[in-house]
Amino acid sequence: MKKEFEQIAIIGLGKFGMTVAKQLSNYNCDVLAIDNDEKLVEEAVPFVTKAIQINAMEADALDACGIRGFDVAIIGIGDNIESSLMVALTLKDMKIPKIIAKARDEKHAKL
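Throughout what follows, the structure given in this document is the object of discussion.

1. A short note on the nonpolar core
If you look at the biggest cluster of nonpolar residues, it comprises 19 residues, and the most contacted ones within it are Ile11, Ile34, Leu62, Ile67, Val87 and Leu91. Going through the elements one at a time, β1 (7-11), β2 (30-35), α3 (59-64), β4 (72-75) and α4 (81-93) are the ones with two or more residues in this core. Setting aside its immediate chain neighbours within four residues, isoleucine 67 contacts Ala9, Ile11, Ile34, Leu62, Leu91, Met94 and Ile96. With 15 residues, the next largest nonpolar core counts Ile10, Cys29, Val31 and Val41 among its residues.

This is the structure in structure tokens:
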């Protein structure tokens, strides 16, 4: 049976992102975990295919990590709305087919 999603990127490894990374480890898919905090990246290593430390606000850094071909991107950045929106816009420009974003409130969710 074909998997619905084969490559999933998680951007932001706070409580939400780390929980998603751990849950996805139970499925047969490639998971790329991204955060700018080295400790969080190291914590995710046992659960994901690849974990990298970059500033996801930098489009070139996101592109260099190979995210462009992923099926799904999950944005776990909830506290910094500007970062969340900028990353979402970058992913949209990269034509990621499905983008899921954690929202802090209703207005954030609308955006």
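Moving on, there is more to tell.
2. Concerning a nonpolar patch on the surface
Together, Met57, Met86 and Leu89 make up a nonpolar patch on the protein surface, roughly 250 Å² of accessible area in all. Among the structural elements, methionine 57 can be located in the loop between β3 (50-53) and α3.

3. Concerning the side chain of serine 84
Tracing the sequence through the fold places serine 84 in helix α4. Looking at serine 84, the relative accessible area reads 2%, which means it is buried. Here isoleucine 77 takes part through its backbone oxygen, which lies 3.5 Å from a polar atom of the side chain of serine 84. Discounting residues that sit within four places of it in the chain, serine 84 has contacts with Ile75, Ile77, Lys102 and His108.

4. A word on the pairing of strand β5 (residues 98-101)
Of the pairings in the sheet, the one linking β4 to β5 comprises four bridges and is parallel in character. Within β5, the position partnered with isoleucine 74 by the bridge is isoleucine 100. The handedness of the β4 to β5 crossover, carried by α4, is right-handed.

About the cut-offs
Residues numbered from 1 in each chain as written. Predicted model: local features only at pLDDT ≥ 70, side-chain atom pairs only at ≥ 80, totals over all residues. Heavy atoms only, no water. Core = buried A, V, L, I, M, F, W, Y, C linked by side-chain atoms within 4.5 Å. Buried < 20%, exposed > 50% of the residue type's maximum accessible area, 1.4 Å probe, protein only. Helix = DSSP H or I, 4+ residues; strand = E, 2+ residues; numbered from the N terminus. Contact = heavy atoms within 4.5 Å. Patch = residues over 30% accessible without salt bridge, like charges linked within 9 Å, V, L, I, M, F, W, Y side chains within 5 Å. Areas by Shrake-Rupley, 256 points an atom, 1.4 Å probe, with all protein chains shown as cover. Salt bridge = Lys/Arg side-chain N within 4 Å of Asp/Glu carboxyl O. Polar contact = N/O pair within 3.5 Å; in protein donor to acceptor, adjacent residues only side chain to side chain. Pairing = 2+ DSSP bridges. Right-handed = clockwise from strand over helix to strand, strands pointing away.

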